[in-house]
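Take a look at the letters that make up each chain.
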Amino acid sequence: MNERIQEKLSILADAAKYDASCSSSGGKRKNNNGGLGNAEGMGICHSYTEDGRCVSLLKILLTNHCIFDCAYCVSRKSNDVKRAAFTVQEVVDLTMNFYRRNYIEGLFLSSGIFSSSDYTMERLVRIAKKLRLEEKFNGYIHLKTIPGASEELIQEAGLYADRLSVNIELPSDESLQKLAPEKNYAEILTPMTQIQLKVAENREERELFKKVPQFAPAGQTTQLVVGATPESDHQIIKLADGLYKGYGLKRVYYSGYVPVSGDQRLPQVVQPPLMREHRLYQSDWLMRFYGFDADEILDPAHPHLDLEIDPKLAWALRHREIFPVDVNTADYELILRIPGIGMKSAKRIVAARRFAPLTLDHLHKFGVVLRRARYFITCRGMALEKREYDEQTVRRKILYGDGQTRSALVKRQLDLFAPEPTIITAPDLVSPQLDLFRQAS
């Protein structure tokens, strides 16, 4: 690899790190034409297929030149950063060479906007097309759809890419107009609708004709930036819920705002809101797999997620009238809502209780986190926790345990050369900020 290509790769791979929507879940492309690559094969790194395997993707921008001046974006036109751009053939060669060396299993390709949306999108499509048709590459390809690109280009992109994504970025049109005035929601939602309709149409055609080419078989995703604008968590998860139901999205990704400029329109933060991002992902999981509606997780009276406890526990504490639940008689949907019981544990409970009444030992073997669940269940008519506690007491016991003088190790991401973490021996001296890290103890 020559020095110029290496320099471009350094610049454009670094610029791509802010895009979180990089999962390969759903890709099933097989190698059946004697070509290279296989999205079903084993990989070595950073994204996950539908069945849980980890695969690596070359994640780059085609260019970090951009005609837009979005305040939150490191590649905005007014930012003083070093610019670079790959040619179509350079991206193709990089992908093939990295695959042959077993560095990657696929490609995640996004881009700034050169001179127009169509001009940029046409180059992204040409890269995917050359990989598929000329190089016979059957690995995973994720293309970022450029808002404002023509319907014809989007349809062609779906024929060569496994997944397409259109980033909304900001949770409301008002915030978009403030921080990215060149963009608008209509240009973002239009390609989402086109992709959704084409995926549904392709599915119907494939039921009738086996030889019909697949269109974006891994569906579409989007990304929301969290913390750059004042929208509440309730607004964010309501938007995500609407995208899942209205546009058939596979995933909504949440990216904590990383301060990349001193623009006065942006909040002045020291570090990204990582705990808030984590709670949003947990809420997203509840909506996708646990049967929760967005308005159950949060509502106008509770517009923000509790950073100390996960959203399912927060919901259970607000609805103590539903509990305790008898695990031997409750239906599967209700068991899923018990804190400390996940999907696998709930399925094991429902399957096993047909043969014998379940006991505490059974629940422990099924993987139930009894430290949480004990306050919300009964087993064979008997409560695991004998006393009735109010909401705050249950919350405190789950967070800190029963011991009032129990020491707590402050959990945080440690630097390799950092000194030993502080041990706090008096729970009443722990600041609210440090309390956020004690839940996992």
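Residues numbered from 1 in each chain as written. Predicted model: local features only at pLDDT ≥ 70, side-chain atom pairs only at ≥ 80, totals over all residues. Heavy atoms only, no water.

### Observations concerning the overall build of the protein
Cut-off, in case you're wondering: Labels follow the DSSP assignment, with helices taken as runs of H or I lasting at least four residues and strands as runs of E lasting at least two, numbered in each case from the N terminus. Only protein chains enter the area calculation, which uses a 1.4 Å probe; residues under 20% of their type maximum are buried, those over 50% are exposed, and those in between are partly exposed. Any two residues whose heavy atoms approach within 4.5 Å at even a single point are treated as in contact. Areas reported here follow the Shrake-Rupley algorithm with a probe of radius 1.4 Å; residue values treat only the protein chains shown as occluding.
If you tally the helices and strands in the protein, you get 16 helices and 13 strands. Burial statistics for the protein: of 441 residues in total, 50% are counted as buried. At a minimum sequence separation of 6, the contacts of the protein that also span at least 24 residues come to 66%. When the accessible area of the protein is evaluated, it comes to approximately 21800 Å², of which 53% is carbon and sulfur surface.

### Considerations on the sheet that holds strand S8 (residues 251-256)
The strands that make up a sheet pair up through hydrogen bonds in the backbone, lying either parallel or antiparallel. What counts is decided by this rule: We call two strands paired when DSSP finds no fewer than two bridges between them. For helices, the fitted axis covers only the stretch in contact; all axes are lines through C-alpha atoms, and the angles between them, taken along N-to-C directions, range from 0 to 180 degrees.
The strand order across the open sheet built from 6 strands is S3-S4-S5-S6-S7-S8, with neighbouring strands paired in parallel fashion. Two strands bound the open sheet, and with one partner strand each, they are strand S3 (57-61) and S8. This sheet shows a mean twist of 20 degrees between the axes of neighbouring strands, independent of strand direction. Along the sheet, helix H3 (residues 117-134) contacts strand S4 (106-110) and strand S5 (140-144); its crossing angle with S5, the most-contacted strand, is approximately 170 degrees.

### Re the pattern of salt bridges
We count it as follows: Salt bridges are counted wherever a side-chain nitrogen of Lys or Arg sits within 4 Å of a carboxyl oxygen of Asp or Glu.
Under the criterion given, the structure shown has 20 salt bridges. Salt-bridge contacts for Asp 293 lead to Lys 245; the nearest nitrogen and oxygen are separated by 3.2 Å. Here Asp 293, found in the loop between helix H8 (274-289) and helix H9 (294-297), pairs with Lys 245, found in helix H7 (residues 233-247); they are 48 residues apart in sequence, far enough to count as distant. The class of Asp 293 is partly exposed, set by a relative accessible area of 27%. Across the pair Arg 372 and Asp 310 runs a salt bridge, and its minimum N-O distance is 2.2 Å. One end of the pair, Arg 372, is in helix H14 (residues 370-373); the other, Asp 310, is in the loop between H9 and helix H10 (311-318), and 62 residues separate them in sequence. In this structure, Arg 372 and Asp 310 share a single accessibility class: buried.

### Here we look at the nonpolar core
Going by this rule: In this description, a nonpolar core means a group of buried Ala, Val, Leu, Ile, Met, Phe, Trp, Tyr and Cys residues linked to one another through side-chain atoms lying within 4.5 Å.
In this structure, Ile 338 and Phe 376 are the most contacted members of the largest nonpolar core, which totals 114 residues. With residues near it in sequence (within four places) discarded, Phe 376 still touches Leu 313, Ala 316, Leu 317, Arg 320, Phe 323, Pro 324, Val 325, Ile 338, Pro 339, Val 394 and Ile 398.

### A look at the sheet that holds strand S9 (residues 325-326)
Ordered in space as S9-S10-S11, the 3 strands form an open sheet in which the pairing is mixed. A strand with exactly one partner marks an edge of an open sheet, and here the two such strands are S9 and strand S11 (382-383). Looking at chain direction, S9 and strand S10 (residues 377-379) are connected through 2 bridges and run parallel. Within S10, the residue paired with Asp 326 across the bridge is Thr 378.

### Description of empty space enclosed by the protein
Just so we agree on the cut-off: Note on definitions: the grid is 1 Å and covers protein atoms alone; a cavity is a set of points where a 1.4 Å probe fits but cannot get out; a pocket is an open set with protein on both sides within 12 Å along at least five of seven lines; lining residues have an atom within 4 Å of a point. Grid points are joined across faces, edges and corners, and a volume is the space filled by probe spheres set on the points. Amino acids outside the nonpolar list (Ala, Val, Leu, Ile, Met, Phe, Trp, Tyr, Cys, Pro) and the charged list (Asp, Glu, Lys, Arg) are all regarded as polar, and Gly is one of them.
This model, assessed by the stated rule, comprises 1 cavity of 30 Å³ or more. Of the volumes computed, that of the largest cavity is approximately 620 Å³. Residue lining of the largest cavity: 31 residues in total, with Asp 19, Cys 73, Asn 167, Glu 169 and Lys 183 positioned closest to the centre. Those elements that provide at least two residues to the lining of the largest cavity are strand S7 (220-226) and S8. Residue composition of the lining of the largest cavity, by class: 17 nonpolar, 9 polar and 5 charged.

### Some thoughts on H7
Just so we agree on the cut-off: Helices are assigned an expected span. That span is 1.5 Å times one less than the residue count.
Look at H7: 20 Å from first C-alpha to last across 15 residues, which is about the 21 Å you get at 1.5 Å a residue. Taken residue by residue, H7 has Asp 233, His 234, Ile 236, Ile 237, Leu 239, Ala 240, Asp 241, Leu 243, Tyr 244 and Tyr 247 as its buried positions. Tucked into the core, H7 has its buried residues touching helix H6 (185-208), S7, S8, H8 and H9. Count one or two residues on from H7 and you reach Gly 248, which has phi positive near 60 degrees.

### Looking at the pairing of S7
For S7, the tally of buried residues reaches 7 of 7 residues, placing the bulk of the element in the interior. Neither face of S7 is open: one carries Gln 220, Thr 222, Leu 224 and Val 226, the other Thr 221, Gln 223 and Val 225, and all of them are buried. Sheet analysis places strand S6 (residues 163-165) next to S7, joined by 2 bridges and oriented parallel. Across the sheet, residue Leu 164 finds its bridge partner in S7, namely Gln 220. Pairing between S7 and S8: 6 bridges, direction parallel.

### Side note on the packing of aromatic side chains
This is how it is decided: The aromatic pairing rule takes the rings of Phe, Tyr and Trp, using the six-membered ring of Trp, and pairs them if the centres are within 6.5 Å, calling planes under 30 degrees apart stacked, those over 60 edge-to-face and the rest tilted.
Applying the stated criterion across every chain, the model contains 9 aromatic pairs. An angle of 80 degrees between the planes, with centres 5.9 Å apart, marks the rings of Phe 114 and Tyr 119 as edge-to-face. Relative accessible area serves as the criterion here: at 24%, Phe 114 is assigned to the partly exposed category. For Tyr 119, a relative accessible area of 36% puts it in the partly exposed group. Residues Tyr 254 and Tyr 281 carry aromatic rings whose centres are separated by 5.2 Å and whose planes lie at 85 degrees to one another, so their mutual orientation is edge-to-face. In this pair, Tyr 254 sits in strand S8 while Tyr 281 sits in helix H8, placing the two residues 27 residues apart along the sequence. Assessed through its relative accessible area of 0%, Tyr 254 is described here as buried.

### Considering unusual backbone geometry
Of the consecutive residues Phe 323 and Pro 324, the connecting peptide bond is found in the cis state with omega at 5 degrees. Mapped onto the elements, Pro 324 comes out in the loop between H10 and S9. The backbone of Asn 102 shows a phi angle near 65 degrees, a positive value even though the residue is not glycine.

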